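Given next are the chains, with one letter for each unit.
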Amino acid sequence: LPLSHKRVSRFTVRTPEGTLLAQDVPIGGGQITAQLASRVTRTATFTAADEWFPVVESDVMSPTHAIVTIEAGLAYPSGEEERFPVFTGRVYSAERSANGEITFRADDLAADVIAADFEQPENSQPGNSCVAEIQRLVLAGYEWAVFGSDDVTDASVPALSWDDDRGKACDDLAAVV
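Worth saying up front: this structure is predicted, and the values here are computed from it rather than measured.

### Focus on the nonpolar core
Membership of the largest hydrophobic core comes to 17 residues, with the highest contact counts inside it found for Phe11, Val13, Phe46, Trp52, Met61, Val68 and Phe104. Breaking this core down by element, the ones donating at least two residues are strand 1 (6-14), strand 4 (40-48), strand 5 (67-75), strand 6 (81-96) and strand 7 (102-108). Excluding its chain neighbours within four sequence positions, the residues that come into contact with Met61 are Phe11, Val13, Phe46, Trp52, Pro54, Ala66, Val68, Val91 and Phe104. One finds Cys130, Tyr142, Trp162 and Leu173 within the second-largest nonpolar core, a separate group that totals 13 residues.

### Quick look at the packing of helix 2 (residues 130-141) against helix 3 (residues 166-176)
Pairs of packed helices are described in terms of their axes, by the angle between the two and the distance that separates them. Put simply, helix 2 and helix 3 touch, their axes get as near as 9 Å, and they point 170° apart. One element, helix 2, and the other, helix 3, form an angle in the roughly antiparallel class. Read as a crossing pair, helix 2 and helix 3 show a hand that is left-handed. In this structure, helix 2 uses Cys130, Glu133, Ile134, Leu137, Val138, Ala140 and Gly141 to contact helix 3, whose residues at the interface are Arg166, Ala169, Cys170, Leu173, Ala174 and Val176. When its residues are assigned to classes, the contact of helix 2 with helix 3 shows 10 nonpolar, 1 polar and 2 charged.

### Some words on a nonpolar patch on the surface
On the surface, Val152, Val176 and Val177 cluster together into a nonpolar patch covering about 190 Å² of accessible area. Counting through the fold element by element, Val176 comes out in helix 3. Look at Val176 and you get partly exposed, because its relative accessible area is 34%.

### Brief notes about the confidence of the model for the protein chain
Residues with a pLDDT of 70 or more make up 95% of the protein chain, whose mean pLDDT is 89. Least confident of the elements in the protein chain is strand 3 (residues 29-36), whose mean pLDDT is 83; most confident is strand 2 (residues 20-22), at 96.

### Describing the packing of aromatic side chains
Scanning the entire structure with this criterion turns up 4 aromatic pairs. Relative to Phe104, the ring of Phe46 lies with its centre 5.3 Å away and its plane at 15°, an arrangement referred to as stacked. With Phe46 in strand 4 and Phe104 in strand 7, this residue pair connects regions lying 58 residues apart in the sequence. A single burial state applies to Phe46 and to Phe104, both of which are buried. For the ring pair Tyr142 and Trp144, a centre distance of 5.5 Å and an interplane angle of 70° mean the geometry is edge-to-face. Residue classification places Trp144 among the partly exposed positions, given a relative accessible area of 31%. Each residue in the set Phe11, Phe46 and Phe104 is aromatic and connected to the rest through ring pairs, giving one cluster.

Cut-offs and rules
Throughout this document, residue positions are counted from 1 along each chain, in the order its sequence is written. Only residues with pLDDT of at least 70 are given local features in this predicted model, and only at 80 or more are side-chain atom pairs given and counted; all residues enter the totals for whole chains, interfaces and linings. Just so you know, side-chain values use all the structure's heavy atoms and leave hydrogens and water out. Residues enter a nonpolar core if they are buried and are Ala, Val, Leu, Ile, Met, Phe, Trp, Tyr or Cys, with the set joined through side-chain atoms within 4.5 Å. We call a residue buried when its accessible area falls under 20% of the maximum for its residue type, exposed when it is over 50%, and partly exposed in between, using a 1.4 Å probe and counting protein chains only. Secondary structure elements follow DSSP: runs of H or I of four or more residues count as helices, runs of E of two or more count as strands, with numbering from the N terminus. Contact criterion: two residues are considered in contact whenever any of their non-hydrogen atoms come within 4.5 Å of each other. To obtain each axis, a line is fitted to C-alpha atoms, and for helices this fit is confined to the stretch in contact; angles are then taken between N-to-C directions over 0 to 180 degrees. Under this scheme an angle from 65 to 115 degrees is roughly perpendicular, one under 35 degrees roughly parallel, and one over 145 degrees roughly antiparallel; angles in between are oblique. For a crossing to be left-handed, the near helix must be turned anticlockwise from the far one by less than a right angle; the clockwise case is right-handed. In this classification, Asp, Glu, Lys and Arg are treated as charged, Ala, Val, Leu, Ile, Met, Phe, Trp, Tyr, Cys and Pro as nonpolar, and every other residue, Gly included, as polar. In this scheme, patches are assembled from residues that exceed 30% relative accessible area and form no salt bridge. Like charges are connected within 9 Å, while nonpolar side chains (Val, Leu, Ile, Met, Phe, Trp, Tyr) are connected within 5 Å. Each accessible area is a Shrake-Rupley estimate made with a 1.4 Å probe; only the visible protein chains count as cover when residues are assessed. One speaks of a salt bridge when a side-chain nitrogen belonging to Lys or Arg is within 4 Å of a carboxyl oxygen belonging to Asp or Glu. Residue-level confidence of the predictor is summarised by pLDDT, bounded by 0 at the bottom and 100 at the top. For this analysis, a ring pair means two rings from Phe, Tyr or Trp (six-membered ring only for Trp) whose centres lie within 6.5 Å, classed as stacked if their planes differ by under 30 degrees, edge-to-face if by over 60, and tilted for the remaining angles.

In structure tokens:
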């Protein structure tokens, strides 16, 4: 860029329903990693001051409800900022180090879907589109999921059955498409 600019980021915390709990949370650093197997999952680790350590379930960063979103981008000399989301996930754990710094781990929301095993065997709904069937399975695992548009050449759902693994069900349907 011809003029000076700087990197910016924003860290927000919401409930699964979308209620804003905290915005512009100061984090000391961290990283986002991805496992690129058949099921891509991402994990974020980040540090924050001791005041963010969750003591009771109602605390902002409590694993019982905290969904974090990390955005990154640029601030231009005009003051205008452009940010894009790089991670959204549920706080999984918080650990305090000897110096009082807190290290959090958050797993992307795909982990919630994968962890939501079927309570009893599940059958596909033949005749539906595969995209609609995947969305149905995801919503049953994470009811606040939001879907954007897609350009997938869709197919009809075949007769399939799954014992307990919702992630495998989504994988099977994706293989059909």
